[in-house]
Amino acid sequence: MARDRGGLTVDTLYGLMQSYENKLGGGEGIEGLYGSITQASMQKVLECLKRNSGLDSRSVFIDIGAGLGRPLLHAMVSIGVGSAWGVELDRIKCDKAAAFCRNVIQQLVKQELLRSTVEVPSVICSPVEKVASLEPATHAYSFWEGVPPSGKEAFGKLFVKSRTLRAVAVVQRAIRGQEPAAMMRDLGFGPVLLIASFPVKMSGSGRAFTAYIFTKITPAAANFLANVARPSSAAAARTPSPQHSNLDPHSPNLDYTSRVLKSRGPELSSPLKTRKPEEDAAQASPAKKPCAGVTAATAENAEAAVKPEAALAPGRAKAVQQVLLTSLPEYSRRTKQAVTAKGKSAGGKDVSKKAVAVVPDAERSDKAPAMATRSSQRLAAKVEAQKLAVLAAAKVDVR
């Protein structure tokens, strides 16, 4: 858990900051809003900047709307940035920030958690609209929920103007109905790329916000991406349509591969196989012969519906009869076992009417009398019709 918050050193830092903030009477002022995200949330923002935009010991970290300077101290202790400074509108907060940062740094140096040569973060008291430049800052951060649109636009102009700024992290309410990068462009930040977004929480209240991490797309990179996207559209325009497939092989409207294939001859004109004519591909499959003795529905039309093949061997009559009888759904596993127990073969030679019965009344597990229903009567009639058809087919074979 300590690793998610930045380690024991960062834990010590937050203990000192809480102690000195209480001695200063809190971080509130008379202008703007005061608030900071939790230790774990700020650590996640810094780790994302470190992993994706090169935040390290050579970086310069800036906080727009710095308050007491908590994010500045966190970046110095956790990442070890070379220097950090902030911009704050409220004079009372600026005065508190000077004493706050100085005392915390002194305690960290005394505990040998920072070098004695480290610079105390400075907080400039000025509205962001009056700041001339953000250089030499390389990474910017802002909890700008309470910053007015004019302040955000001024921040965007300074971000575009800076030659050293590479990335910016902003914390606000979740953006709905608009792409975050498009929103930043509308605020004047120029072309930016959204690296990540994740939920964060306010310290104290636990109110949920969202952190958005962006990197700057330089003009050279923007031109490169535009040039990369341009040939694909040009290539799509040069692709010949099917209606122009009969053009001359040396026509400039055909690409190199098409010209080579056409110049090699008709056998190489297309790498794909030619399709067969529809009348050849859609040939009707031969009709299958109906099975004898299976489609009988009633006893009256059984002999008319069942016409066995003349080539059927006489010795197969009993086998056909047995297969048809045992394939009936009424010929269950328990019936087969009953027939086998009586000495008759389940694959057998001698199949009587008793083999077709589902379960004899004497072998029923329940002693309740069987009640005839309409479905059972229809089933019995169907079974009787099939038996008659089978017997009729057997008689024909014997003759």
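Residues numbered from 1 in each chain as written. Predicted model: local features only at pLDDT ≥ 70, side-chain atom pairs only at ≥ 80, totals over all residues. Heavy atoms only, no water.

The name given to the chain in an unreviewed UniProt entry is DOT1 domain-containing protein, with Volvox africanus as the source organism.

Draft legend 1. The arrangement of the pairing of strand E7 (residues 208–216) in detail. For E7, the buried fraction is high: seven of the nine residues fall into the buried class. Both strand E5 (residues 167–172) and E7 contribute to a ladder of six bridges, which runs antiparallel. Among the inter-strand pairings, Val 168 is bridged to a residue of E7, identified as Phe 214. Here nine bridges tie strand E6 (residues 192–201) to E7, and the two strands are oriented antiparallel to one another. Residue Val 200 lies in a different strand from E7, and its bridge partner there is Phe 209. (Buried < 20%, exposed > 50% of the residue type's maximum accessible area, 1.4 Å probe, protein only. Helix = DSSP H or I, 4+ residues; strand = E, 2+ residues; numbered from the N terminus. Pairing = 2+ DSSP bridges.)

Draft legend 2. Examining the sheet that holds strand E1 (residues 60–64) more closely. With mixed pairing, seven strands are arranged side by side in an open sheet as E3-E2-E1-E4-E5-E7-E6. The outermost strands of the open sheet, each flanked by one partner alone, are strand E3 (122–125) and E6. Each strand of the sheet is rotated relative to its neighbour by a mean of 20°, with strand direction disregarded. Contacts from helix H4 (residues 91–110) reach strand E2 (83–88) and E3 within the one sheet, and its direction differs from that of E3 by about 165°. Its contacts with the sheet place helix H5 (residues 149–161) against E1, strand E4 (139–143), E5, E6 and E7, and it is angled at close to 165° to E5. (Axes fitted to C-alpha atoms, helices over the stretch in contact; angles between N-to-C directions. Contact = heavy atoms within 4.5 Å.)

Draft legend 3. Broad picture of unusual backbone geometry. The omega torsion across Glu 135 and Pro 136 is 10°, close enough to zero to call that bond cis. The residue Pro 136 is located in the loop between E3 and E4 in this model. A positive phi angle, near 60°, is found at Glu 112, a position not held by glycine. Position of Glu 112 relative to the elements: it lies in the loop between H4 and E3.

Draft legend 4. Looking closely at the packing of aromatic side chains. Following the criterion strictly, the structure yields seven aromatic pairs and no others. Where Trp 144 meets Phe 189, the ring centres are 5.9 Å apart and the plane angle is 75°; that geometry is what we call edge-to-face. Note that Trp 144 is positioned in the loop between E4 and H5 and Phe 189 in the loop between helix H6 (180–186) and E6, a separation of 45 residues in sequence. This pair shows no difference in class: Trp 144 is buried, exactly as Phe 189 is. For the ring pair Tyr 212 and Phe 214, a centre distance of 6.4 Å and an interplane angle of 20° mean the geometry is stacked. Each member of the pair Tyr 212 and Phe 214 is classed as buried. Chaining the aromatic ring pairs together yields one cluster made of Trp 144, Phe 155, Phe 159 and Phe 189. Over the ring of Tyr 20 we find Lys 23; its NZ or CZ atom is 4.8 Å from the centre of that ring. Positioned above the aromatic ring of Phe 159 is the side chain of Lys 216, whose terminal nitrogen or guanidinium carbon lies 4.7 Å from the ring centre. (Phe/Tyr/Trp six-rings, centres within 6.5 Å; stacked < 30°, edge-to-face > 60°. Lys NZ or Arg CZ within 6 Å of the ring centre and 35° of its normal.)

Draft legend 5. Representation of the layout of surface pockets within the structure. In this structure, the largest pocket occupies an estimated 560 Å³ of space. Along the walls of the largest pocket sit 32 residues, with Ile 64, Gly 65, Glu 88, Phe 143 and Val 147 positioned nearest its centre. Within the residue set of the lining of the largest pocket, elements represented by two or more residues are E1, helix H3 (70–78), E2 and E4. Taken together, the residues of the lining of the largest pocket break down into 17 nonpolar, nine polar and six charged. (1 Å grid on protein atoms, 1.4 Å probe; cavity = no way out; pocket = protein on both sides within 12 Å on 5 of 7 lines; lining within 4 Å. Points joined across faces, edges and corners; volume = space filled by probe spheres on them. Nonpolar A, V, L, I, M, F, W, Y, C, P; charged D, E, K, R; others polar.)

Draft legend 6. Region of the structure containing the nonpolar core. Val 45, Phe 61 and Tyr 141 are the most contacted members of the largest nonpolar core, which has 46 residues in total. Contributing elements (two or more residues each) for this core: helix H1 (8–23), helix H2 (39–53), H3, H4, E4, E5, E6 and E7. In terms of residues, this core owes the most to one element, H4, which gives seven residues. The contacts of Val 45, once residues within four sequence positions are left out, are Ile 37, Tyr 141, Ala 169, Phe 198, Ala 211 and Ile 213. The next biggest cluster of nonpolar side chains, apart from the first, holds 27 residues, and it includes Ala 137, Ala 140, Ala 154 and Ile 175. (Core = buried A, V, L, I, M, F, W, Y, C linked by side-chain atoms within 4.5 Å.)

Draft legend 7. How the structure looks around the pattern of salt bridges. A full pass over the atoms with the stated rule returns six salt bridges. A salt bridge links Asp 56 to Arg 58; the shortest N-O distance between them is 3.0 Å. The class for Arg 58 is exposed, based on a relative accessible area of 73%. A salt bridge links Arg 163 to Glu 135, with the shortest nitrogen-to-oxygen separation between them at 3.5 Å. (Salt bridge = Lys/Arg side-chain N within 4 Å of Asp/Glu carboxyl O.)

Draft legend 8. Main features of the side chain of Arg 70. Considering the arrangement of structural elements, one finds Arg 70 in helix H3. Residue classification places Arg 70 among the buried residues on the basis of a relative accessible area of 10%. Within the structure, the side chain of Arg 70 is placed 3.4 Å from the side chain of Gln 18, a separation counted as a polar contact. (Polar contact = N/O pair within 3.5 Å; in protein donor to acceptor, adjacent residues only side chain to side chain.)

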